[in-house]
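Structural overview for review
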Amino acid sequence: MTDKPMVAAHHVRLGSNAGQPMTRRDGLAKVTGTATYAADNRPDGLLHAVYVEAGIARGRVNALEIEAALKHPGVVHVMTPDNTPALSQNPDEKTTPFTARIDVLQHDKVRYAGQPVAVVIAETLEAAQEGARLVTADYEVEPARIGFDNGEAFEPQAVGMSTPPVFSKGDLGSARSEAAHSVSAEMETPLQYHNAMETHAVVAEWDGDRLTVDMPNQAIGLAKPGIAAYFGIPAENVTLRSPYLGGGFGSKAVLFGPQMLGILAAREMKRPVKLALRRDQMFGPVQHRSATRQTVRYDLGRDYKFKAMEHQADVSTSSFDDWLDGAANASLSVYAVEAMKASHRGFRFDTGTPGAMRAPGIATGSAVVETAVDMAAEKAGMDPLEYRLLNYADKDPSNGKPYSAKALRECYEEGARAFGWKDRPLKPGLMRDSDGLLTGWGMGTSIFHAPFFPAKARALLRKDGSARAETSGADMGQGAWTALWQMAADGLGVAADDLDFDIGHSDLPDGSIAGGSAHTASAGGALFAAGNDVIRQLAEIATQDKESPLFGAGNERLVGDGGRLFKASDPNVGERYTDILQRAGIDEIEGKGRGNRDKASTETYAMFSHGAVFAEVKVDPDLYQIRVSRLVGAFAAGRIINPRLAKSQLTGGMIWGVSFALHEEGIHDKRTGRPVNNDFAGYHIPVLADVPHVEALLVDEEDPHVNDLGVKGVGEIGITGTVGAIANAVWHATGLRTARYPIKIEDLLERSIARKT
Amino acid sequence: MKTFDYQRAESVETAVKAASEPGSVFYAGGTNLLDLMKAGVRQPDRLIDITRIEGLDRIETGKDGSLRIGAMVRNSDMARHPTLLAEYPAVAEALLAGASAQLRNAATVGGNLMQQTRCSYFYDRHSACNLREMGQGCDALDGENGKHAVLGWTKTCIAVHPSDFCVPLAALGAEVEVTGPDGHRRLTIDDLYTLPGEGQAPGTALRDGDLITALILPSGGKRFAARARYMKLRDRTSYAFAIVSAAAMLQIGDGRIKDARLALGGVAAKPWRATKAEAVLNGAEASEASYRKAADAALADAAPSGDNAHKIELAKRILIRALKSAAAGTPPKMPALPGSVFAAGKEAR
Amino acid sequence: MALRISLKINGKMHELALEDARPTLLDVLRERIGLTGTKKGCDRGQCGACTVLVDGRRVNSCLSLAVSLEGADITTVEGLADGETLHPVQAAFIENDGFQCGYCTPGQIMSAVGFISERDGHATAEEIREGMSGNLCRCGAYAGIQDAVMDAQLRMSNEGKS
Ligand SMILES: Cc1cc2nc3c(=O)[nH]c(=O)nc-3n(C[C@H](O)[C@H](O)[C@H](O)COP(=O)(O)OP(=O)(O)OC[C@H]3O[C@@H](n4cnc5c(N)ncnc54)[C@H](O)[C@@H]3O)c2cc1C
Ligand code: SF4
Ligand code: FES
Ligand code: FES
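Since we're looking at a predicted model, the values are computed, not measured. (Residues numbered from 1 in each chain as written. Chains lettered and ligands numbered in written order. Predicted model: local features only at pLDDT ≥ 70, side-chain atom pairs only at ≥ 80, totals over all residues. Heavy atoms only, no water.)

A closer look at the overall build of chain C
Counted only if it meets this: A run of H or I in DSSP counts as a helix once it spans at least four residues, and a run of E counts as a strand once it spans at least two, with each numbered from the N terminus. Radius of gyration: over C-alpha atoms. The globule rule applied is 2.2 Å multiplied by the number of residues raised to the 0.38 power. To sort residues, take the accessible area from a 1.4 Å probe on protein chains only and compare it with the maximum for the residue type: under 20% means buried, over 50% means exposed, and anything in between is partly exposed. Two residues form a contact once any of their heavy atoms are found within 4.5 Å. Computed with a 1.4 Å probe, the accessible areas rest on the Shrake-Rupley method; for each residue, only the protein chains presented here act as cover. Counted as positive: Lys and Arg. Counted as negative: Asp and Glu. His and the chain ends are not counted at all. By convention, the charge on Lys lies at NZ, on Arg at CZ, on Asp at CG and on Glu at CD.
Across its full length, chain C holds 5 helices and 5 strands. Secondary structure elements of chain C, listed N to C terminal, follow the sequence β-β-α-β-β-β-α-α-α-α. In summary, chain C has a C-alpha radius of gyration of 16 Å against a globular reference of 15 Å for 162 residues, a match within 12%. Its C-alpha atoms put chain C at 50 × 30 × 25 Å along the principal axes. Within chain C, the fraction of its 162 residues that count as buried is 67%. Sequence-distant contacts, at least 24 apart, represent 57% of the contacts inside chain C between residues at least 6 apart. Total accessible area on chain C is roughly 4,900 Å²; 47% of this is exposed by carbon and sulfur atoms. Each charge sign in chain C was given a centre, from 16 positive and 22 negative side chains, and these centres are 5 Å apart.

Next comes the structure, spelled out in structure tokens:
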């Protein structure tokens, strides 16, 4: 079933759909307001739930005062740890690497500010909101630990999903002893909160022990059994619908307390319940990016080539779970270096638990690595691009493996050309624009892994020529409705318009996780394979059918395209799918598929997407307000299924880079641990005026090893490289570097004053 | 939010009467009031909707040449009014530098003047705040206070007034017309706001039932029309509150400053008219050196209220920037980024 | 005692009985009328996702009390297309890929419609950037949004709509 008789594994030919800049298939629904996000559902008899969040960051709830809430007109129930039934699975138990420890009113401990401590259920949203405000708590308060000065340090077992916390290769000591120069970048990065535009939400409805949930989810295949386990029902009793996600960025891949509380409330009330987080509630129980404190040191030879690299990262997590951003691993596979060491130390803060956030590890780490590289270029007196080429890695320096494909040189070249990099003065502080603004140019290298998840899909071809393809995959904005549709259509050899396509539903084959920038390759690969499986079966029928023009062509390569099966060697010899099926009297053919990555390839090759980002910033010479006036990125990410959507993903990622470099910072009060800027007026992300010109170029790259289709991801790589490029551009404009992200007006001011005196 | 009675006022008189009962507040654009009610910071018993009162939405020129702007005129309508643009351009620029287009379409003159601080501890019901309830203490004092006041603060409260609009109004010496239970009165912008004292929270001079009916821009302000700017430093290019801001209005002749009007925003619990700096400028040479002296004078009494010493230096610099920009002349067309430091030309840097 | 209000939404009159005066226009649209195209991103005027037109002007529906709007004429994203024919702004958003997840999109589109109608004459790119800065997009679809608004104003002047 899974072997593909008609195609050589490494040269899969996609049909006429892939590669096209097709507009979004879900575009019409999204511009007319008919796309239904979870909280848009309103089943009959709906109740609204709003949870009460802890006002302290650490301690215990002594008592909850709920009478006032219960008296409020419209309030029907208040759930507290005292009256909430135990879940069937302890929510502090980690059953899979994707399980987070969550708070579902199973105890009276408070582990972070914003933790749910009660849930108010009411007939209207207004009543539920006011009810939640009326609940008061008496706490036993313990001092909050926030920040690296107060957090408790520990040696972690793993970082990221399951990467070892310490890595070393070569002899750091002896490489250092041979070095002639050294640079060291020390920087902090703050807590960052995902803040998808759609807050986490759930609409839950029980029918006996069957459950229907509308909930934005990036990993339906994991969520379904996960929910079932908490509620003690068989997985097949759970129907999860997530046709559209209003953004995810990693924070909708696991199950969280608030949504489980919504489901629990529906079971308690025997009525459907909607629970949608308020924006301020997004700064607690639904993950964030770890804060880090990093040192990246490069030791250079006499020729200024890297000899040794050491990357140390202090990384925050919560007091009760262990997820740590793997920042220090960002430096391992990007530049050639003889000896290297990366290590992490964990710090426990009284915050919610962090998790994967767009380009986890790499975004955070490369922000500091790219700064260090520019510092080294400055030491060498070399142009930053030339210097990066001097240290270009032809093999993955961390393990000596060749790259499955690496068109980074081309990215550097095309990006630099489009940007106009060659006119860059070497020294900082020399460029002013016609308005007298300091102008600086900086660059950074982008890199991101190309993981692959075991997704499944199903395809169907019917006698009337209609076709269907499906997988449970998720569209959180990256364009699954379109790119996967294109791949499914090509697998079947039909026009996209002739295909009935479905994703985002737990009744469909497991499309695996939309994350790690692997979804198009994984779920798309599965859909393509499922279509191919149909064509293989169809070819078998045709080649054995005496009446078919393809009779006896069993050893030849046959191609399905445009609803027709024909010989690759002579496209005129062939016939329509419908003719084959009608003659054979077959109603429909079902195909199944899994995406495929060759095991041997994984062991042989290092697999990454690459890119180069060039930034121009304007900095006010007195006031230090910064604007990124131009961003140009060139990226090589294997085969591009839909260039229009790929560019959007890449520019979106680059804008996340702007956000990281200049804006985002989750601030918690050091005394109480309470978030101080938990709204969009305080927690800034860029507005349109912040990103006047962002451009992504797609660089051709054929990757014969990464998977059958040669597809890598584009969702996360845009942020990597961009952060450092902006910091380097700010340096080039001003001659100043700051010790932390985001780069702030007051920090530049302070450094400029210090420089003068 | 708490339930409340809702009453639509048909006239100024009925509005004032209804609002004289304790627990009543006026509902204008709602953009600040609803925000605070959702946060649970304000819990009025009664909302008096003043949006339908006839006559409060007019802009008219008075007999003395002043411009009278009704309290219900929406910020966006005011900002694009030809007379305002021609005669009081810095006011238009400040309006357009605030909030977003959607908010300005709803926000009113009266509401903008009466908006409350954005201090995050004021918004956070779990924190202590004297402004919310005198006697609780001020959690901003030892907390995250990088954006708090550097002028006119006391340990009782270190919050800043967030309005952009008010800053050029303070510089112009604009006035508001108030109708209250005791009749009509006029207040200058400077008198409208009260600074914190020891044991006294900052606020306004309005009492229960006092309704602002109009804003008066004095005719004398027009003489600055050719050299008037508003400059706002922020950490996002748009849709962000000021870190510090300044309005500067100048009359220059023969290279000398004949008259100057200056005010700072984001530095105190009220828009801060910089009278000492104005005095330094009057008669001085129109030069960077004079602007520097003026800036030093304006911030002479400044002191950090926490981790915000940088705001003193930034306030000086924004003032100098506004002065230089004003000296360079009001742009013939509203800049695409109103009030932005990027909207200053080379000659102003 | 119920409060009765009537609103004209997308050309159709809606009579509503509210238990009290609290519901915002946004929550009335979404939870009571079922027009869920308008989105809630912050509920506090800080994101623009809830932008609708009230009497032709773009406002944040999360900071408007429904009772205060008695008799108002409201247009939401659902009321923009003319039958099967998309409004030029909607069409431009699709063609310029002015969105990714689509969650901020109804607000962006309504804001763009309001923006174009507020002006006489074409806006420059910089004016579009400033004028559309009241609508956050977490996906960072800004490049497409800028192009879409630029394109839409051209389409509209060609159609004689602006
Ligand atoms: C996200 C966001 C960003 C913002 N950014 C900025 C910014 O950058 N710069 C800036 O300056 N502002 C900014 N604002 C604030 C905005 O300008 C105010 O919310 C608005 O001006 C208030 O006007 P309103 O008519 O909506 O007032 P309302 O909310 O209706 O009322 C505010 C207060 O004024 C009282 N009031 C209203 N009218 C009168 C009257 N006639 N007489 C007496 N009292 C009255 C009300 O009772 C209430 O107490 C922002 C707001 C938000 C939500
Ligand atoms: S600064 Fe003023 S508003 Fe802020 S917490 Fe202190 S008293 Fe309250
Ligand atoms: S939901 Fe109204 S502005 Fe964000
Ligand atoms: S498209 Fe996702 S938030 Fe804008």
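A short note on the overall build of chain A
When its secondary structure is counted, chain A shows 16 helices and 28 strands. Scaling as 2.2 N^0.38, a compact globule of 757 residues should have a C-alpha radius of gyration of about 27 Å, and chain A matches this with 27 Å. By principal-axis analysis of the C-alpha atoms, chain A measures approximately 90 × 75 × 50 Å. Classification of the 757 residues of chain A by burial places 66% in the buried group. Considering only contacts within chain A whose residues lie at least 6 apart along the sequence, 80% involve residues at least 24 apart. Of the accessible surface of chain A, which amounts to about 24,600 Å², a share of 47% is contributed by carbon and sulfur atoms. For chain A, the distance from the average position of its 80 positive side-chain charges to the average position of its 97 negative side-chain charges is 3 Å.

Observations regarding the domain arrangement of chain C
Residues and elements named next belong to chain C. How we decide: Where each domain starts and ends follows an automatic or database-derived domain assignment. Two parts placed together each lose some accessible area under a 1.4 Å probe, and the buried area is that loss summed for both. Salt bridges are identified by distance alone: a Lys or Arg side-chain nitrogen within 4 Å of an Asp or Glu carboxyl oxygen. Definition of a polar contact: a pair of N or O atoms within 3.5 Å, with one able to donate and the other able to accept a hydrogen when the atoms are protein atoms, and with sequence-neighbouring residues admitted only if both atoms are side-chain atoms.
Assigned domains of chain C: these are domain 1 (3–79) and domain 2 (88–158). The gap between the C-alpha centroids of domain 1 and domain 2 is 21 Å. Counting each side, the surface lost to burial between domain 1 and domain 2 is near 1,200 Å², with a carbon and sulfur contribution of 56%. In terms of surface lost to domain 2, no three residues of domain 1 exceed Lys39, Arg58 and Val77, which account for 46% of the buried area on that side. Close ionic contact of Arg58 with Glu118 constitutes a salt bridge, the shortest N to O distance being 2.7 Å. One can count 6 residue pairs in polar contact (both at pLDDT 80 or more) joining domain 1 with domain 2. A per-element tally of the side of domain 1 that touches domain 2 places strand E3 (residues 51–54) first, with 3 residues.

Things to note about the sheet that holds strand E12 (residues 238–241) of chain A
Residues and elements named next belong to chain A. As a reminder, the rule being used: DSSP bridges decide pairing: two strands pair if at least two such bridges lie between them. Fitted lines through C-alpha atoms serve as axes, helices being fitted only where they are in contact, and the angles separating the N-to-C directions of these axes extend from 0 to 180 degrees.
The strand order E3-E5-E1-E13-E10-E11-E12 describes an open sheet built from 7 strands, whose pairing is mixed. Each having just a single partner strand, strand E3 (75–79) and E12 make up the two edges of the open sheet. Here the average twist between neighbouring strands, direction ignored, is 20°. In terms of strand pairing, strand E10 (residues 201–207) meets strand E13 (residues 273–276) through 4 bridges, oriented antiparallel. Opposite Val203, over in E13, you have Lys274 as the bridge partner. Strand contacts of helix H3 (residues 125–134): strand E1 (47–53), E3 and strand E5 (116–122), with the helix running at about 20° to E1, the strand carrying the most contacts.

Overview of the domain arrangement of chain A
Residues and elements named next belong to chain A. When the domains of chain A are assigned, the result is domain 1 (27–34 + 453–596) and domain 2 (399–451 + 602–756). Computed over C-alpha atoms, the centres of domain 1 and domain 2 are 38 Å apart. Buried surface at the junction of domain 1 and domain 2, summed over both partners, amounts to about 1,200 Å²; 60% is from carbon and sulfur atoms. When the area that domain 1 buries against domain 2 is broken down by residue, the three leading residues are Ser517, Ala521 and Asn596, summing to 39%. In this assembly, domain 1 and domain 2 are joined by 0 salt bridges.

Points about the side chain of Thr76 of chain C
Residues and elements named next belong to chain C. Within the fold, Thr76 resides in the loop between strand E5 (73–75) and helix H2 (88–95). A residue is classified by how much of its surface remains accessible, and Thr76, at 0% relative accessible area, is buried. Sequence-distant contacts of Thr76, defined by excluding residues within four places in its chain, comprise Ile9, Asn10, Leu29, Leu35, Thr38, Val52 and Met110.

With respect to the interface of chain B and chain C
So the rule is basically this: Side-chain classes follow a simple rule in which Ala, Val, Leu, Ile, Met, Phe, Trp, Tyr, Cys and Pro form the nonpolar group, Asp, Glu, Lys and Arg form the charged group, and the remainder, Gly included, forms the polar group.
On the side of chain C, 33 residues touch chain B, which itself brings 39 residues to the contact. Together, Lys38, Gln102 and Tyr239 of chain B form the three largest contributors to the area buried by chain B at its contact with chain C, with a combined 24%. For the pair chain B and chain C, the number of links is 4 salt bridges. The partner of Lys333 of chain B in a salt bridge is Glu127 of chain C, and the shortest N-O contact between them spans 2.8 Å. Contributions of two or more residues to the side of chain B that touches chain C are made by strand E1 (5–8), helix H2 (33–38), strand E3 (46–49), helix H3 (75–79) and helix H6 (101–106) of chain B. Considering each element in turn, the side of chain B that touches chain C owes the most residues, 6 residues, to H6 of chain B. Considered class by class, the residues forming the side of chain B that touches chain C number 16 nonpolar, 10 polar and 13 charged.

Examining the site of ligand 1
Note the cut-off: In these notes, residues near a molecule or strand are those with any non-hydrogen atom within 4 Å of it.
Taken together, 35 residues lie around ligand 1, and Phe26, Thr31, Arg42, Thr108 and Asp164 of chain B are the ones closest in. More than one chain reaches ligand 1: the nearby residues come from chains B and C. Asn32 of chain B is positioned with one of its backbone polar atoms (N or O) 2.8 Å from an oxygen atom of ligand 1. Across the complex, the protein chains shield 97% of the 970 Å² of accessible surface that ligand 1 would expose by itself. Mapped by element, the contributors of at least two residues to the shell around ligand 1 are helix H7 (109–114) and strand E10 (211–217) of chain B. It is H7 of chain B that provides the largest number of residues to the shell around ligand 1, a total of 4 residues.

Topic: the packing of H2 of chain C against helix H5 (residues 142–158) of chain C
When two helices pack together, you describe them by how their axes are tilted relative to each other and by the distance separating the axes. All names here are of chain C. To keep it simple, the criterion reads: Angular relationships are summarised with four words: roughly parallel below 35 degrees, roughly antiparallel beyond 145, roughly perpendicular across 65 to 115, and oblique for the angles in between. Should the near helix be turned anticlockwise from the far one by less than a right angle, the crossing is termed left-handed; should it be turned clockwise, right-handed.
At a minimum axis distance of 8 Å, the contact between H2 and H5 shows a crossing angle of 140°. With respect to H5, the axis of H2 lies oblique. Judged by the sense of rotation from one axis to the other, the crossing of H2 with H5 is right-handed. Along its contact with H2, which presents Pro88, Val89, Ala91, Ala92, Phe93 and Glu95, the element H5 presents Ile145, Ala148, Val149, Asp151, Ala152, Arg155 and Met156. Residues that form the contact of H2 with H5 fall into these classes: 10 nonpolar, no polar and 3 charged.

A short note on the interface of chain A and chain C
Chain A puts 61 residues into the contact, and the matching count from chain C is 49 residues. Carbon and sulfur atoms supply 55% of the area buried between chain A and chain C, which totals about 4,300 Å² over both sides. Where chain A packs against chain C, one counts 7 salt bridges. Close ionic contact of Glu126 of chain A with Arg32 of chain C constitutes a salt bridge, the shortest N to O distance being 2.8 Å.

Comments concerning empty space enclosed by the protein
Residue and element names in this part refer to chain A. Note the following rule: Whether a set of points on the 1 Å grid over the protein atoms alone is a cavity depends on a 1.4 Å probe fitting there but being unable to get out, while an open set qualifies as a pocket with protein on both sides within 12 Å along at least five of seven lines; lining residues are those with an atom within 4 Å of a point. Grid points are joined across faces, edges and corners, and a volume is the space filled by probe spheres set on the points.
What the rule picks out here adds up to 7 cavities of 30 Å³ or more. Approximately 90 Å³ is the volume attributed to the second largest cavity. Lining the second largest cavity are 14 residues; nearest its centre among them are Arg101, Ile102, Tyr112, Phe256 and Pro285. Per-class residue counts for the lining of the second largest cavity are 7 nonpolar, 5 polar and 2 charged.

Re unusual backbone geometry
Here the residue pair Tyr741 of chain A and Pro742 of chain A is connected by a cis peptide bond, since its omega of -10° sits within 30 degrees of zero. With respect to the helices, strands and loops of the structure, Pro742 of chain A is situated in the loop between helix H15 (722–734) and helix H16 (745–756). For Lys270 of chain A, which is not glycine, the phi dihedral falls at a positive 55°. By the element assignment, Lys270 of chain A lies in the loop between helix H6 (257–269) and E13. In this model, Asp55 of chain C sits at a positive phi of 50°, which is unusual for a non-glycine residue. If you trace the backbone, Asp55 of chain C turns up in the loop between E3 and strand E4 (57–60).

Let's talk about helix H5 (residues 89–97) of chain B
One turn of the α-helix equals 3.6 residues, which is why residues spaced by three or four share an orientation. Residue and element names in this part refer to chain B. Of all 9 residues in H5, 9 are buried, a share of seventy percent or more. Among the residues of H5, those classed as buried are Pro89, Ala90, Val91, Ala92, Glu93, Ala94, Leu95, Leu96 and Ala97. With its phi angle positive at about 50°, Ala99 sits one or two positions after the end of H5.

Let's talk about the confidence of the model for chain C
Basically, it comes down to this: Along the chain, pLDDT gives the predictor's confidence residue by residue, from 0 to 100.
With 98% of its residues at a pLDDT of at least 70, chain C reaches an overall mean of 96. In the predicted assembly, ipTM is 0.98 and pTM is 0.98.

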